[in-house]
Amino acid sequence: MNTLIAKQDQRITLLKGDITKLKVEAIVNAAKEQLTGGSGVDGAIHRAGGFQILQECMQLPIHYRDVRCPTGEAVITTGGNMSVPYVIHTVGPVWQGGASEEPILLKNAYRNSLEKAKEKGVHSIAFPNISTGVYAFPKHLAANIAVETVLAFLKEDDTLQQVIFCCFDEENYQIYHRLLS
Ligand code: ADP
């Protein structure tokens with residue numbers, strides 16, 4: 001696996017690979033508002049964690065219609081069959097051109113995931129590149145928002161000891177590599 005420790009903060013690590021294989025205390029899922037699972041990283045996490053994750057998601061309260069996690073918010077379940085204790089499900093925005101508060105919603109998704117981790121006393125967490133797959137958020141902008149939000153959080157926090165940006169595609173990996181080295 002390719003890895004890099006960020007120059008800005010040694011608690012941040014970049015790596016390329018499958019987030020379901022990481023030995024951390026929490027992994028973040030780029031979920032959809034209904035929390036019913038789906039494609040991409042969401043599908044990979046539900047496959048690896050098994051039916052228990054879906055069952056836990058379906059026990060969470062409904063906010064409106066069938067929405068269990070509004071865009072920008074985060075909820076937590078166990079890792080089901082995975083060895084990771086927690087999955088933090090957050091919903092990134094669907095890119096609609098940039099004028100529908102997508103940047104702030106993406107920032108909220110990262111920030112609220114970090115807050116959930118902190119609430120549980122988690123020391124290590126891994127993020128996928130939220131919204132940059134099916135939701136089509138521009139990858140450069142998304143990476144900038146992700147790094148800035150995590151750096152700002154870590155400045156105020158001493159619980160988290162490791163934050164991993166887990167890139168799956170080479171393009172995202174290269175973008176993060178430039179930002180963090
Ligand atoms: P979204 O709907 O938020 O765009 P996607 O799952 O479609 O979510 O894509 C988000 C990111 O997750 C993409 O950069 C994609 O390459 C990445 N991804 C897909 N599968 C995995 C995996 N197993 N581990 C980590 N990242 C993954």
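For the structure itself, consult the block above.
Here the structure is a predicted model, which means the values were calculated and not measured.

## Side note on the site of the ligand
Right, on to step 1. By nearness alone, 16 residues border the ligand, and Val41, Ser131, Thr132, Gly133 and Val134 come closest of all.
Right, on to step 2. Ile19 places a polar main-chain atom, nitrogen or oxygen, 3.0 Å from a nitrogen atom of the ligand.
Right, on to step 3. Contact distances for the ligand include 3.4 Å between an oxygen atom and a side-chain N or O atom of Asn172.
Right, on to step 4. Isolated, the ligand exposes 560 Å² of accessible area, and the fraction of that covered by the protein chains is 91%.

## Quick word on the nonpolar core
Right, on to step 1. Residues Tyr110, Ile125, Phe127, Val150, Phe165, Tyr176 and Leu180 are the most contacted members of the largest nonpolar core, which totals 35 residues.
Right, on to step 2. Among the secondary structure elements, those contributing two or more residues to this core are strand S2 (12-16), strand S3 (26-30), strand S4 (74-78), helix H3 (102-119), strand S6 (124-127), helix H4 (139-156), strand S7 (162-167) and helix H5 (170-180).
Right, on to step 3. If you tally residues by element for this core, the top one is H4, at nine residues.
Right, on to step 4. Sequence-distant contacts of Tyr176, that is, excluding residues within four places in its chain, are made with Leu14, Tyr110, Asn129, Ala142, Ala143, Ala146, Val147, Phe165 and Cys167.
Right, on to step 5. Grouped together as the second largest cluster of nonpolar side chains are 19 residues, Leu35, Cys57, Met82 and Ile164 included.

The rules behind these values
- Residues numbered from 1 in each chain as written.
- Predicted model: local features only at pLDDT ≥ 70, side-chain atom pairs only at ≥ 80, totals over all residues.
- Heavy atoms only, no water.
- Near = heavy atom within 4 Å.
- Polar contact = N/O pair within 3.5 Å; in protein donor to acceptor, adjacent residues only side chain to side chain.
- Areas by Shrake-Rupley, 256 points an atom, 1.4 Å probe, with all protein chains shown as cover.
- Core = buried A, V, L, I, M, F, W, Y, C linked by side-chain atoms within 4.5 Å.
- Buried < 20%, exposed > 50% of the residue type's maximum accessible area, 1.4 Å probe, protein only.
- Helix = DSSP H or I, 4+ residues; strand = E, 2+ residues; numbered from the N terminus.
- Contact = heavy atoms within 4.5 Å.

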